[in-house]
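The lines below spell out each chain.
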Amino acid sequence: MFDFSKVIPSIPYILEGIGITLQIVIFATIIGLVLGILLALCKIGSIKPLKWFAEFYTSIFRGTPLVLQLMLIYYAMPQILGFNIEPMPAAIIAFGLNSGAYISEIIRAGINAVDKGQQEAAKALGVPYSKMMKDIILPQAMKNILPSLMNEFITLNKESAIVTVIGALDIMRRAYVVGGDTFRYLEPLLIAGIIYYIMTLVLTFLGKMIEKRMRRSD
Amino acid sequence: MIKIENLKKSFGKNEVLKGISTEIKEKEVIAVIGPSGSGKSTFLRCINRLEEPTSGKITVGGTLITDKNVLKVRENLGMVFQNFNLFPHKTVLENLIYAPMNVKGVSKNKAIEKAEDLLRQVGLFEKRNEYPNRLSGGQKQRVAIARALAMNPTVMLFDEPTSALDPEMVKEVLNVMKSLAESGMTMIIVTHEMGFAREVADRVLFLEGGYLVEDAAPEVFFNSPKSDRARAFLDKVL
Ligand SMILES: Nc1ncnc2c1ncn2[C@@H]1O[C@H](COP(=O)(O)OP(=O)(O)OP(=O)(O)O)[C@@H](O)[C@H]1O
Ligand SMILES: [Mg+2]
């Protein structure tokens, strides 16, 4: 049933996809983080229109399939923009915008979990809002945020496999290509699966390490 | 020093303060007492605008408090909370120097010098590099008092500063407050410590149901309260 002999020469080619996958996930996370912080600040702030916008944004991106968002950006945006977008930037933008919505919820929850008394103490000392957030609230919120953020990162790493639909040459796409070339899909797909699984294990392990270090600094 | 005119505060339909007027002079020590839910905390928190008054005027040192100048006014109003609210991710010393440096722009050296002085005053100099979670409740509250004093406030507000403490720690905090009062600090203290109020306060404000029911010297208030409500309250707590 298994015959890896035809696929083995292609393993390095599949492995190269790790770089692509990581690029997409890392850049998307950076975009998602910046966007998530901004959206979270809008949500907990007192400016109503910004609040509504942030809530609306989040509900749209959480309420529609990621694949749809990806295809809209890759296939449909050029119709509006008048120029094509490469698969990589399209993937990074789609995943970044999408994870921004999820990350903003993570950050909002993390901030809300910080004792109300902290804000009051800062206010009572005359600390302006922006400094209070930066120096008092966010550092404490990070403890609540970081584990969930790590989960989001791991989820994103797996979910990024759907970029295969727009032809970005990530792990998944490469496995599929090798399958097409050799007429054997089982082996390359298994290899892709193993790669994703190992990546998840490594990321989970890293996440645990970071959490441990943060707890020690308590 | 502080003038409060017809202060009213509602939470939704619930009117908690129903028109309170009083004046607090420089160096005066005021004890605010009253049954639970009578609006003592709300009264105190309206003074530094942790709560937005529904109506009424509050002036501090001649300045009418508005949304615009509230940060500036808060620099002069130190506040101490029941639950300490120390910054857990900062050391004791960092708790004390943060606001002077970041709000008033005091240099780090000056801020540390002042902070160490204050820590000596409250007897916690040797704890300056500890994190708050390594301190007892009484120690935390003394740090919180020092943190508020680090801003050089003209008035100190206390909201039940000893209510969250184990009985054996109440004394150390009250002693710090007492010496602060003796040094001439203007203080408004919401408290259930009747003995302390009687000994240290210049005036007692008795709140009940959102009204300022009595405003009298402690001897007068504790020995011969005018209202039935104050009498009933004292019967219960003394
Ligand atoms: N943020 C708030 N939102 C809604 N209602 C509030 C809020 N803060 C206080 N209240 C209500 O206002 C009333 C007075 O509360 P306050 O905390 O001022 O009383 P207190 O005299 O300090 O009582 P205690 O001795 O228990 O501390 C209570 O009925 C309380 O439920
Ligand atoms: Mg209270």
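In what follows, the structure referred to is the one given above.
Here's what I pulled together on the structure shown here.

Each value, and the rule that gives it
Residues numbered from 1 in each chain as written. Chains lettered and ligands numbered in written order. Predicted model: local features only at pLDDT ≥ 70, side-chain atom pairs only at ≥ 80, totals over all residues. Heavy atoms only, no water. Near = heavy atom within 4 Å. Polar contact = N/O pair within 3.5 Å; in protein donor to acceptor, adjacent residues only side chain to side chain. Areas by Shrake-Rupley, 256 points an atom, 1.4 Å probe, with all protein chains shown as cover. Helix = DSSP H or I, 4+ residues; strand = E, 2+ residues; numbered from the N terminus. Nonpolar A, V, L, I, M, F, W, Y, C, P; charged D, E, K, R; others polar. Contact = heavy atoms within 4.5 Å. Buried area = accessible area lost by both parts, 1.4 Å probe. Salt bridge = Lys/Arg side-chain N within 4 Å of Asp/Glu carboxyl O.

## Quick word on the site of ligand 1
All names here are of chain B.
Right, on to step 1. Inspection of the region around ligand 1 gives 13 residues, with Ser 36, Gly 37, Lys 40, Ser 41 and Thr 42 positioned closest.
Right, on to step 2. Gly 37 is positioned with one of its backbone polar atoms (N or O) 2.8 Å from an oxygen atom of ligand 1.
Right, on to step 3. Starting from 630 Å² of accessible surface for ligand 1 in isolation, the protein chains cover 59%.
Right, on to step 4. When residues of the shell around ligand 1 are traced back to their parent elements, those giving at least two are strand 2 (14–24) and helix 1 (40–47).
Right, on to step 5. The element that contributes the greatest number of residues to the shell around ligand 1 is helix 1, accounting for 3 residues.
Right, on to step 6. A breakdown of the residues in the shell around ligand 1 according to their chemical character gives 3 nonpolar, 8 polar and 2 charged.

## Describing the interface of chain A and chain B
Right, on to step 1. If you look at the interface, chain A gives 18 residues, while chain B gives 22 residues.
Right, on to step 2. Summed over both partners, the interface of chain A with chain B buries about 1,700 Å², with 61% contributed by carbon and sulfur atoms.
Right, on to step 3. Of all residues in chain A, the largest losses of buried area upon contact with chain B belong to Glu120(A), Ala124(A) and Leu125(A), amounting jointly to 33% of the total for that side.
Right, on to step 4. Seen at the junction of chain A and chain B, the total is 1 salt bridge.
Right, on to step 5. As a salt-bridge pair, Arg45(B) and Glu120(A) come within 2.6 Å of each other at their nearest N and O atoms.
Right, on to step 6. The interface formed by chain A and chain B holds 7 residue pairs in polar contact (both at pLDDT 80 or more) in total.
Right, on to step 7. Elements supplying a minimum of two residues to the side of chain A that touches chain B: helix 6 (116–124) and helix 7 (129–159) of chain A.
Right, on to step 8. For the side of chain A that touches chain B, the leading source of residues is helix 6 of chain A, giving 7 residues.
Right, on to step 9. Its residues assigned to classes, the side of chain A that touches chain B comprises 8 nonpolar, 4 polar and 6 charged.

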